[in-house]
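Below are the chains, spelled out letter by letter.
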Amino acid sequence: MSIYFTDAGGWATANGTSGSAPFIAGLIARAGHAGTTTAATLYTGAGHFFDVTDGSDDQVSGGAKCGGDYLCVAAAGYDAPTGVGTPDGLAGL
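How each quantity is defined
Residues numbered from 1 in each chain as written. Predicted model: local features only at pLDDT ≥ 70, side-chain atom pairs only at ≥ 80, totals over all residues. Heavy atoms only, no water. Helix = DSSP H or I, 4+ residues; strand = E, 2+ residues; numbered from the N terminus. Expected span 1.5 Å × (residues − 1). Buried < 20%, exposed > 50% of the residue type's maximum accessible area, 1.4 Å probe, protein only. Arc of directions from axis to C-beta. Contact = heavy atoms within 4.5 Å. pLDDT = per-residue confidence, 0-100. 1 Å grid on protein atoms, 1.4 Å probe; cavity = no way out; pocket = protein on both sides within 12 Å on 5 of 7 lines; lining within 4 Å. Points joined across faces, edges and corners; volume = space filled by probe spheres on them. Nonpolar A, V, L, I, M, F, W, Y, C, P; charged D, E, K, R; others polar. Pairing = 2+ DSSP bridges. Phe/Tyr/Trp six-rings, centres within 6.5 Å; stacked < 30°, edge-to-face > 60°.

Engineer: Can you walk me through helix 1 (residues 17-30) in this structure?
Structural biologist: An α-helical segment advances 3.6 residues per turn. Residues three or four places apart therefore align on the same side. Given a rise of 1.5 Å per residue, 14 residues ought to cover 20 Å, and the 19 Å separating the end C-alpha atoms of helix 1 matches this to within 8%. Every buried residue of helix 1 is listed here: Gly19, Leu27 and Ile28. For helix 1, the arc enclosing every buried residue in end-on projection is 155 degrees, short of the 170-degree limit, so these residues lie on one face. Seen from the buried face of helix 1, the exposed residues on the opposite side, beyond 90 degrees, are Thr17 and Ser18. Contact partners of the buried residues in helix 1: strand 4 (86-87). Looking one or two residues past helix 1, Gly32 carries a phi angle of roughly 85 degrees, positive in sign.

This is how it looks when you write it as structure tokens:
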């Protein structure tokens, strides 16, 4: 995703947490909950997210190098790489 980064002199490419954190923060603000949304809010509203069940932080070996567990490989439900998933609108935020 592209983000406007003043310190870098304009538009820059971001991915991972550098891309997702400002994106989700913007959605939370758009939902009108800036300053009040917590991790518990997101976990409680997990039904309002699309669960990401495929992929890993280790693109080369499919998760083998990073242990193959929930800390680096997407799976059904909560996992570290994808959290509770991607928002399905603003309801879960």
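Now that the structure is up, let's keep going.
Engineer: Got a minute to help me understand the confidence of the model for the chain in this structure?
Structural biologist: Low pLDDT means the predicted atomic positions in that stretch should not be read closely. Across the chain, pLDDT averages 85, with 95% of residues at or above 70. Looking over the chain, one finds the lowest element-wise mean pLDDT in strand 1 (residues 2-5), namely 80, and the highest in strand 3 (residues 49-50), namely 94.

Engineer: What should I look at first to understand the layout of surface pockets in this one?
Structural biologist: Unfilled space is identified by rolling a water-sized probe across the atoms. Estimated volume of the largest pocket: approximately 530 Å³. Lining the largest pocket are 21 residues; nearest its centre among them are Ser20, Ile24, Thr82, Gly83 and Gly85. Taken together, the elements giving at least two residues each to the lining of the largest pocket come down to helix 1, helix 2 (39-44) and strand 4. Broken down by class, the residue content of the lining of the largest pocket amounts to 14 nonpolar, 7 polar and no charged.

Engineer: Looking at this model, I keep getting lost on the pairing of strand 2 (residues 10-13). Mind explaining?
Structural biologist: Successive side chains on a regular strand alternate, one facing one side of the sheet and the next facing the other. Bridge count for strand 1 against strand 2 is 4 bridges, and the pairing is antiparallel. Within the sheet, the bridge partner assigned to Phe5 lies in strand 2 and is Gly10. Hairpin connection, strand 1 to strand 2: the antiparallel pair is bridged by 4 residues, and Gly9 has positive phi, about 90 degrees.

Engineer: I keep staring at the packing of aromatic side chains and nothing clicks. Help me out?
Structural biologist: Describing an aromatic ring pair means giving the distance of the ring centres and the angle of the ring planes. One pass over the full model with this rule turns up 2 aromatic pairs. Relative to Trp11, the ring of Tyr4 lies with its centre 5.4 Å away and its plane at 80 degrees, an arrangement referred to as edge-to-face. Each member of the pair Tyr4 and Trp11 is classed as exposed.

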